[in-house]
Amino acid sequence: MIEIRSLNKVFHQGKRAIKALDDINLSVSEGAIYGVIGSSGAGKSTLIRCVNLLERPTEGSVVVDGVDLNTLPSNQLTLTRRKIGMIFQHFNLLASRNVFDNIGLPLELAGVNKQAIKTKVDSLLELVGLSDKKESYPANLSGGQKQRVAIARALASDPKVLLCDEATSALDPATTQSILELLRKINKEFNLTILLITHEMAVVKSICSHVAIIGDGKLVEQGAVGDIFAHPKTELARQFIRSTLDLSIPADYSARLSDTKTENSYPLVRLEFTGASVDAPIISQVAREFNLDISILSSNMDYVGGIKFGLMLAEFFGTPESTEQAISFLKENKIEVEVLGYVA
Ligand SMILES: Nc1ncnc2c1ncn2[C@@H]1O[C@H](COP(=O)(O)OP(=O)(O)OP(=O)(O)O)[C@@H](O)[C@H]1O
């Protein structure tokens, strides 16, 4: 549905050239919810704005539903853009129009008659759960309600593609989930292809089928979400995956943690499980075979796309030799092991 080929974008600031996108290739199939994740300044906004030509690529092509947008004269581009809806982090509603009139705006601009606008807007209001707010003004709505209005407005022209530019970044976690659920619902109901950009892996984990990871204007990894979580190939992908697992060392342990081992101290170990890790009751096996006592401090396991992954912090109580053997065994079973220090 969306084909991005050899996309480059260079901004010029005085004599300085800023390469915001560097040879991006991306293919989003019909009905997918595709996430593009990256840190601040990575090029996400530029990428998504190139998809509807709000930003003109310096080189490369963007083909949406078989149409190469770059080749269209401006009147046809306007028509084609109606099939590409977009929502934004800060909603971009018109403050002077009420909810009904905000949603109906694209239809008014397209010259649709009043009765047809009313029928369409009423059904969209019902879809996004805001029928009782149709006469309210944006200033009197919560962030989540504003984004629902923006979604309804984006759907007014029956788009085939919805672009979401950090659509939940200004919302609290519960509202984020409700907006993501609404996106999932419209994806299913209308077979709408969704391309979203975000800096939060939790958003990707929650609704995306596929993900691309962007760093410094380059796509460093892409694939099915389950595969990326199972076999991250780059450090950037690993960092984003870790960001979904909150596993910090308790403060009292941190204070007692030392870089060197003494006679009465034991290692504090961080275990990282990915889809490649052997799926067996490995902790009890290690304890038994290497005669270790293992005290689990914290553990955060999750499933994405049927793949188990997660982190664990544990203390290993045993002889230095048995500890070393246990760590080798864990590594052989594709568990990443890092000794964070020694706790007395
Ligand atoms: N209009 C512009 N003129 C000059 N440089 C720009 C312009 N827009 C973006 N850039 C630069 O391009 C790079 C990518 O910016 P972009 O906004 O796409 O990143 P981002 O990943 O969306 O970041 P954020 O999450 O902080 O919005 C940055 O170095 C940015 O400073």
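The coordinates are above.
So, a few notes on the structure that sits alongside this text. (Residues numbered from 1 in each chain as written. Predicted model: local features only at pLDDT ≥ 70, side-chain atom pairs only at ≥ 80, totals over all residues. Heavy atoms only, no water.)

### A look at the overall build of the protein
Alright, step 1. The number of helices and strands found in the protein is 12 helices and 15 strands.
Alright, step 2. Sorting the 344 residues of the protein into buried and exposed places 48% on the buried side.
Alright, step 3. Partitioning the intrachain contacts of the protein with sequence separation of at least 6 by distance along the chain shows that 70% fall at a separation of at least 24.
Alright, step 4. Surface summary for the protein: the accessible area is close to 16400 Å², and the carbon and sulfur share equals 48%.
Alright, step 5. Here the protein contributes 36 positively and 40 negatively charged side chains, and the mean placements of these two sets differ by 9 Å. (Helix = DSSP H or I, 4+ residues; strand = E, 2+ residues; numbered from the N terminus. Buried < 20%, exposed > 50% of the residue type's maximum accessible area, 1.4 Å probe, protein only. Contact = heavy atoms within 4.5 Å. Areas by Shrake-Rupley, 256 points an atom, 1.4 Å probe, with all protein chains shown as cover. Lys, Arg positive; Asp, Glu negative; His and termini not counted. Charge placed at Lys NZ, Arg CZ, Asp CG, Glu CD.)

### Side note on the site of the ligand
Alright, step 1. Close to the ligand lie Phe11, Gln13, Ile18, Ala20, Ser39, Ser40, Gly41, Ala42, Gly43, Lys44, Ser45 and Thr46.
Alright, step 2. At 2.9 Å, a side-chain N or O of Lys44 approaches an oxygen atom of the ligand.
Alright, step 3. The separation between an oxygen atom of the ligand and a polar main-chain atom of Ser45 is 2.8 Å.
Alright, step 4. Protein coverage of the free-state accessible area of the ligand, which is 630 Å², stands at 62%.
Alright, step 5. For the shell around the ligand, the secondary-structure elements that each account for two or more residues are strand E1 (2-13), strand E2 (16-28) and helix H1 (44-51).
Alright, step 6. Ranked by residue count, the leading element in the shell around the ligand is H1, at three residues. (Near = heavy atom within 4 Å. Polar contact = N/O pair within 3.5 Å; in protein donor to acceptor, adjacent residues only side chain to side chain.)

### Describing the sheet that holds strand E15 (residues 336-343)
Alright, step 1. Taken in spatial order, the five strands make up an open sheet running E11-E15-E12-E14-E13, and their pairing is antiparallel. Each having just a single partner strand, strand E11 (257-258) and strand E13 (293-304) make up the two edges of the open sheet.
Alright, step 2. Pairing of strand E12 (residues 266-273) with strand E14 (residues 307-317), which is carried by six bridges, proceeds in the antiparallel orientation. Residue pairing for E14: Glu272 is matched across the bridge by Leu311.
Alright, step 3. With respect to the sheet, helix H11 (residues 282-289) is in contact with E12, E13 and E14, its orientation differing from that of E13 by roughly 155°.
Alright, step 4. Strands E12, E14 and E15 of the sheet are contacted by helix H12 (residues 320-332), whose axis makes an angle of about 155° with E15. (Pairing = 2+ DSSP bridges. Axes fitted to C-alpha atoms, helices over the stretch in contact; angles between N-to-C directions.)

### Regarding helix H9 (residues 235-242)
Working note: α-helix, 3.6 residues per turn, so residues spaced by three or four point in the same direction.
Alright, step 1. All of the buried residues in H9 are Ala237, Arg238, Phe240 and Ile241. The buried residues of H9 occupy an angular sector of 165° when the element is viewed end-on, so they sit on one face. (Arc of directions from axis to C-beta.)

### So, the state of the cysteines
Alright, step 1. By the definition in use, this model includes zero disulfides.
Alright, step 2. Cys164 provides the cysteine sulfur closest to Cys50, a residue in no disulfide bond, and the two sulfurs are 17 Å apart.
Alright, step 3. Looking at Cys164, it has no disulfide partner, and the nearest cysteine sulfur is the one in Cys208, 9.1 Å off. (Disulfide = S-S within 2.5 Å.)

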